[in-house]
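# Observations on the model geometry
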Amino acid sequence: MLHLNLNTVLLKVLRTDMEERFERTALLLGEDAVERLKKAHVCIFGVGGVGGYVLEGLVRCGVGKFTLIDNDTVSASNINRQIIATHSTVGMQKVEAGKARVLDINPQAIVRTWPVFYTPETADQFDFTQYDYIVDAIDLVSCKLDLVETARRLGIPLIMALGTGNKLDASAFQVADISKTTICPLARVMRKELKKRGINHMKVVFTTEEALKPVGAEEEAAAEAAPTEHGRQQEHQNPLAEVAAPAVVIAVPTRNIGEICGALRCQKRHISPPCF
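The text that follows walks through the structure, step by step, so that each part is easy to find.

## As for the pairing of strand S7 (residues 203–207)
In terms of residue burial, S7 counts as a mostly covered element, since five of its five residues are buried. Of the two faces of S7, the one holding Lys-203, Val-205 and Thr-207 and the one holding Val-204 and Phe-206 are both buried throughout. Note that strand S5 (residues 158–161) and S7 share two bridges and pair parallel. The partner of Ala-161 across the bridge, within S7, is Val-205. Alignment of strand S6 (residues 173–177) against S7, held across five bridges, turns out to be antiparallel. Within the sheet, the bridge partner assigned to Phe-173 lies in S7 and is Thr-207.

## Things to note about the sheet that holds strand S3 (residues 110–114)
Taking strand neighbours across the sheet as the criterion, the seven strands line up as S3-S2-S1-S4-S5-S7-S6 in an open arrangement whose pairing is mixed. Unpaired on one side and paired on the other, S3 and S6 mark the two borders of the sheet. Direction aside, the axes of adjacent strands within the sheet are offset by 20° on average. Running at roughly 175° to S3, helix H5 (residues 94–105) makes contact with strand S2 (65–69) and S3 of the sheet.

## Focus: the environment of Leu-29
When you line up the elements, Leu-29 lands in helix H2 (residues 23–29). C-alpha of Leu-29 to C-alpha of Cys-61: the two residues are 32 residues apart in sequence and 9.9 Å apart in space.

## What about helix H4 (residues 49–61)?
With 13 residues, H4 should reach 18 Å at 1.5 Å per residue; the first-to-last C-alpha distance of 19 Å fits that figure. Where H4 is concerned, the buried positions are Gly-49, Val-50, Gly-51, Gly-52, Tyr-53, Val-54, Leu-55, Glu-56, Gly-57, Leu-58, Val-59 and Cys-61. Looking one or two residues past H4, Gly-62 carries a phi angle of roughly 115°, positive in sign.

## Section: the packing of helix H6 (residues 141–154) against helix H7 (residues 185–196)
Geometrically, a packed helix pair is captured by the angle between its two axes and the distance between the axes. With their axes 11 Å apart at the nearest point, H6 and H7 run at an angle of 50° to one another. Relative to H7, the element H6 is oriented oblique. Regarding H6 and H7, the two cross each other, and that crossing is right-handed. Contact residues: H6 offers Val-141, Lys-144, Leu-145 and Val-148, while H7 offers Leu-186, Val-189, Met-190, Glu-193 and Leu-194.

## What about the side chain of Glu-209?
The residue Glu-209 is located in the loop between S7 and helix H8 (218–223) in this model. Side-chain polar atoms of Glu-209 contact the backbone nitrogen of Asp-169, separated by 2.9 Å. The residues contacting Glu-209, other than those within four sequence positions of it, are Lys-167, Leu-168, Asp-169, Ala-172 and Ile-183.

## Let's talk about the nonpolar core
Within the largest apolar cluster, 34 residues are counted, with the highest numbers of intra-cluster contacts made by Phe-45, Tyr-118, Phe-128, Ile-134, Leu-162 and Met-190. Those elements giving two or more residues to this core turn out to be strand S1 (41–45), H6, S5, H7 and S7. When residues of this core are assigned to their parent elements, the largest contribution, six residues, is made by H6. Sequence-distant contacts of Phe-45, defined by excluding residues within four places in its chain, comprise Ile-69, Tyr-118, Phe-128, Ile-134, Val-135, Asp-136, Ala-137, Ile-138 and Leu-147.

So, how was this worked out
Residues numbered from 1 in each chain as written. Predicted model: local features only at pLDDT ≥ 70, side-chain atom pairs only at ≥ 80, totals over all residues. Heavy atoms only, no water. Buried < 20%, exposed > 50% of the residue type's maximum accessible area, 1.4 Å probe, protein only. Helix = DSSP H or I, 4+ residues; strand = E, 2+ residues; numbered from the N terminus. Pairing = 2+ DSSP bridges. Axes fitted to C-alpha atoms, helices over the stretch in contact; angles between N-to-C directions. Contact = heavy atoms within 4.5 Å. Expected span 1.5 Å × (residues − 1). Parallel < 35°, antiparallel > 145°, perpendicular 65-115°, else oblique. Left-handed = near helix turned anticlockwise from the far one by under 90°. Polar contact = N/O pair within 3.5 Å; in protein donor to acceptor, adjacent residues only side chain to side chain. Core = buried A, V, L, I, M, F, W, Y, C linked by side-chain atoms within 4.5 Å.

Put into structure tokens, the structure is as follows:
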């Protein structure tokens, strides 16, 4: 009887803690929205500068289940801009550092980690049908293209992060259809390659700011200026842009609660999924 009472008390404490943790979100979005977020499953491909902040924002908004995919480890050079990078996490797999951060914010969250890079060759390792929303925060163009095609085929909403390197103006980021993007070299390549694949529309986050030339790196910048179908240039990143881009990404799945939770149900019932 004592054991049962202790369990009951513990459950009440956890429930109260959960309610208090997201009470400000509930005031903004409503209790029903918070419940739907708690049940939502978001997959984040790439847990670096953009992906790490997206993860942080979504768990603090109340998303209850995550799949994290990245095979990189935290290095000291990440500390200037990546939220998962601290002195205590240097050397850790980024997905494990991300998981630890999620559980420190919401111990009741469910986090699955995959320490692999997403490529067309590794795509069959993932059961996409369990994801309610996909965040593309990976770098390689060939991998982004495959991810978009897979998400589109299965009717899963996806938002794509484009180039953030060599940028300082946080106010220049915006959400748009990829057909409306300008300035960004990565967006130009993605538009061209997606069009070849019969995909003319895709929700993206991009910046209208022209890339800055790194100080003392004119020759390097010129040599690495244009991304190709197989990859993108090495970029010199800063925390202002790295925070601004995911802040915009976070708002999209969080604000459109119906989209984040409805896509998989629609796909299972063989009806048109929400607009990308």
